[in-house]
Amino acid sequence: QVQLVESGGGLVQAGGSLRLSCAASGRTVGNYAMGWFRQAPGKEREFVAGITWNGGISDSVDFVKGRFTISRDNAKNTVYLQMNSLKPEDTAVYYCAASGFRLRVPRRGNEYTYWGQGTQVTVSS
């Protein structure tokens, strides 16, 4: 079992930055590829970014490329999502998740086994 706890969300003005953290307990997060997803009100959950077990490969969707960066520190059992140049449309609950597919970055939610409870990110215009 892996328990994931997100933090770092909050209210920020457009153009601002936030860094989300996902702290894992239980099994070491180094055994898993990790992903960040988000869900805005009235919308489906969507993949944002992911990273393989050792950070060798990362992937992100086009609408965050150049603005969001995923990273991980396996020694701290923590994954991060640095979000810059935030836009109002980035407002959502952000979730981190762990996948047993270590060597690639899954984009589908059903490829992830463990999920955090989410952290709210609100970007004001």
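Note that this is a predicted model, so its numbers are computed, not measured.

Draft legend 1. Up close: the overall build of the protein. The helix and strand inventory of the protein stands at zero helices and eleven strands. Scanning the protein from its N terminus toward the C terminus, one meets helices and strands in the order β-β-β-β-β-β-β-β-β-β-β. For 125 residues, the compact-globule estimate of 2.2 N^0.38 gives 14 Å, and the C-alpha radius of gyration of the protein, at 13 Å, lies within 12% of that figure. Counting only C-alpha atoms and orienting by the principal axes, one finds that the protein spans roughly 40 × 25 × 25 Å. Each of the 125 residues in the protein was classed as buried or not, and the buried ones make up 47%. Considering only contacts in the protein between residues 6 or more positions apart, those separated by 24 or more positions represent 59%. Within the structure as shown, the protein displays about 6200 Å² of accessible surface, and the carbon and sulfur contribution to it stands at 48%.

Draft legend 2. Here's a closer look at the pairing of strand β7 (residues 68–73). Burial along β7 is one-sided: the residues F68, I70 and R72 are buried and none of T69, S71 and D73 is. Both β7 and strand β8 (residues 78–83) contribute to a ladder of six bridges, which runs antiparallel. Bridge pairing links T69 to Q82 in β8. Between the antiparallel neighbours β7 and β8 lie four residues, among them N77 with a positive phi of about 55°.

Basis of the calculations
- Residues numbered from 1 in each chain as written.
- Predicted model: local features only at pLDDT ≥ 70, side-chain atom pairs only at ≥ 80, totals over all residues.
- Heavy atoms only, no water.
- Helix = DSSP H or I, 4+ residues; strand = E, 2+ residues; numbered from the N terminus.
- Rg over C-alpha atoms; globule rule 2.2 N^0.38 Å.
- Buried < 20%, exposed > 50% of the residue type's maximum accessible area, 1.4 Å probe, protein only.
- Contact = heavy atoms within 4.5 Å.
- Areas by Shrake-Rupley, 256 points an atom, 1.4 Å probe, with all protein chains shown as cover.
- Pairing = 2+ DSSP bridges.

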